[in-house]
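Inside the fold
Here's the letter readout for the chains.
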Amino acid sequence: MFAVQFESPGYIEVLQVRDVPVPSPGEGEVLIALEASAINPADVKIRSGVITPQGSAPFTLGYDLVGTVKATGPNAERFLPGARVIGASTSAVTGNGTWSEFVCIPETSLAHAPEDVDPALLAQLPLPGLTALQAVDALQLTQGSDVLVSGAAGAVGRIALQLLHLRGHRAHALVRRAEQVEWLPTGVAEEVHIGSLPVSRVDGVIDTAGIDLSAALRPGGHYVTVVPGSPPHSVSTDNATLVITHESGAMLHALAELVTDGELTLPESTTFTFSEIEAAHHEYDRHLGRRITLVV
Ligand SMILES: NC(=O)c1ccc[n+]([C@@H]2O[C@H](COP(=O)([O-])OP(=O)(O)OC[C@H]3O[C@@H](n4cnc5c(N)ncnc54)[C@H](OP(=O)(O)O)[C@@H]3O)[C@@H](O)[C@H]2O)c1
């Protein structure tokens, strides 16, 4: 089978599509025939060495997964062969990512894929969706709170905005550039701020852009970031959370239901095949704001 791998971090050319053995599902694991995945910032950070890959080379990248169950390991009983599933693996940092023809992943990290949804759209859900959901949960908001989301036009930000809105909060979007306003989900943001923080203070913030939002937070408000390195020192550690996304099939199931019900929309993307992996990364590096789907 093919796998997108690299030996040591570097520029795009370090990525190679290689022929490697098909893995066997272990205890509680499922073997998935991959259909689609996506490029996330963490893939680029690991490939380029901004995040140091752990373990020994070669390293396989990839977080998102849309595919079909081919076989199940011992005590994996939730999904039958033939089931279409979505999943997010957080193993790319240890070199066991999803960018390969077949992927072994714990069944607890999977959810049934919503029916009749384009795999290119579904591939935009797993990692950004889990991250957004875990960030919103970390805020521990009371009903009807005001929450500022930075990087609101990005993959995590636009899902966080929608989840906040669905939970009855007032979501305030912060984008960097005027053109990004058009990329926001419609009818969800209470206010949109372009390039500068709102004047009135909010009850909580979710930073997905790695910028300091503390000036917009009311005293005692909660600061959540998904970008390692923040939150800023000015926020008390009691009121700050760095979310490191964990795998959760149950959360993916909840997100998939929102997609099925039309309550959560996902962004259009540009599609490349895995054999075009270099071109896909060059397109991603152009920072056009459009997500990239990778298909088998
Ligand atoms: N903690 C975790 O486990 C975890 C999980 C998933 C993601 N993440 C991290 O979360 C971040 C967002 O991920 P994503 O998938 O949503 O990325 P994304 O789709 O690239 O979105 C990031 C957004 O932030 C904006 N942005 C970046 N720098 C900015 C700045 N200095 N000022 C204003 N806006 C800025 C970007 O705008 P431009 O296009 O103009 O740059 C873009 O709209 C990434 O750093 C990613 O690595 C962490």
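Per chain, residue numbering runs from 1 following the sequence as it is written. The model is predicted, so local features are restricted to residues of pLDDT at least 70 and side-chain atom pairs to those at 80 or more, both for listing and for counting; the totals for chains, interfaces and linings are taken over all residues. Side-chain numbers come from the whole structure's heavy atoms, not from hydrogens or water.

The protein appears in an unreviewed UniProt entry as Putative oxidoreductase from Rhodococcus wratislaviensis NBRC 100605.

**Points about the environment of Gln-180**
Position of Gln-180 among the secondary structure elements: in the loop between strand E10 (170-175) and strand E11 (189-194). Sequence separation of Gln-180 and Gln-134 is 46 residues, and the distance between their C-alpha atoms is 24 Å. Leaving out residues up to four positions away in the same chain, Gln-180 has contacts with Ala-153 and Val-175. Reaching out from Gln-180, the side chain makes a polar contact with the backbone nitrogen of Arg-176 at a distance of 2.9 Å. Strands are runs of DSSP state E lasting at least 2 residues, helices are runs of H or I lasting at least 4, and numbering of each runs from the N terminus. Pairs of residues are marked as contacts when any of their non-hydrogen atoms sit within 4.5 Å. Under the rule applied, a polar contact is a pair of N or O atoms within 3.5 Å (in protein, one hydrogen donor and one hydrogen acceptor; residues adjacent in sequence only if both atoms are side-chain atoms).

**Here we look at the sheet that holds strand E13 (residues 217-225)**
Any two strands with at least two DSSP bridges between them are considered paired. Spatial strand order, E11-E10-E9-E12-E13-E14: six strands in an open sheet with parallel pairing. Only two strands of the sheet have a single neighbouring strand rather than two, namely E11 and strand E14 (240-242). Taking each pair of neighbouring strands and ignoring which way they run, the sheet shows an average axis angle of 20 degrees. Every axis corresponds to a line fitted to the C-alpha atoms, with the helix fit spanning only the stretch in contact, and the corresponding angles, defined between N-to-C directions, vary from 0 to 180 degrees. Each of strand E9 (146-150), E10 and strand E12 (202-207) touches helix H4 (residues 155-166); the most contacted strand, E9, lies at about 170 degrees to it.

**Regarding the packing of aromatic side chains**
When the centres of two rings from Phe, Tyr and Trp lie within 6.5 Å, Trp using its six-membered ring, the rings pair. Their planes under 30 degrees apart give stacked, over 60 give edge-to-face, and anything left gives tilted. The final tally for this structure, using the stated rule, is three aromatic pairs. Seen in terms of ring centroids, Phe-2 and Phe-274 are 5.3 Å apart; in terms of plane orientation they differ by 40 degrees. Their pairing is tilted. Within this pair, whereas Phe-2 is found in strand E1 (residues 2-6), its partner Phe-274 is found in the loop between strand E15 (269-273) and helix H6 (277-285), the two being separated by 272 residues in sequence. As far as the burial class goes, Phe-2 and Phe-274 line up, both buried. One aromatic cluster is present, formed by Phe-2, Trp-99 and Phe-274 through successive ring pairs. With a 1.4 Å probe rolled over the protein chains alone, any residue whose accessible area is under 20% of its type maximum counts as buried; one over 50% counts as exposed, and the rest are partly exposed.

**Things to note about the side chain of Gln-5**
Checked against the element boundaries, Gln-5 lands in strand E1. Separated by 3.3 Å, the side chains of Gln-5 and Arg-18 make a polar contact. Engagement of the side chain of Gln-5 in a polar contact is seen with the side chain of Thr-60, the distance being 3.1 Å. Those residues within four positions of Gln-5 in sequence are excluded, and the remaining contacts are Val-14, Leu-15, Gln-16, Arg-18, Val-20, Pro-58, Phe-59 and Thr-60.

**Focus: helix H3 (residues 126-139)**
The length a helix should cover is 1.5 Å for every residue beyond the first. Relative to the 20 Å expected for 14 residues at 1.5 Å per residue, H3 spans 20 Å between its end C-alpha atoms, a close match to the ideal helical length. Burial within H3 is extensive, with 13 of its 14 residues counted as buried. Just past H3, the residue Gln-140 takes up positive phi, approximately 50 degrees.

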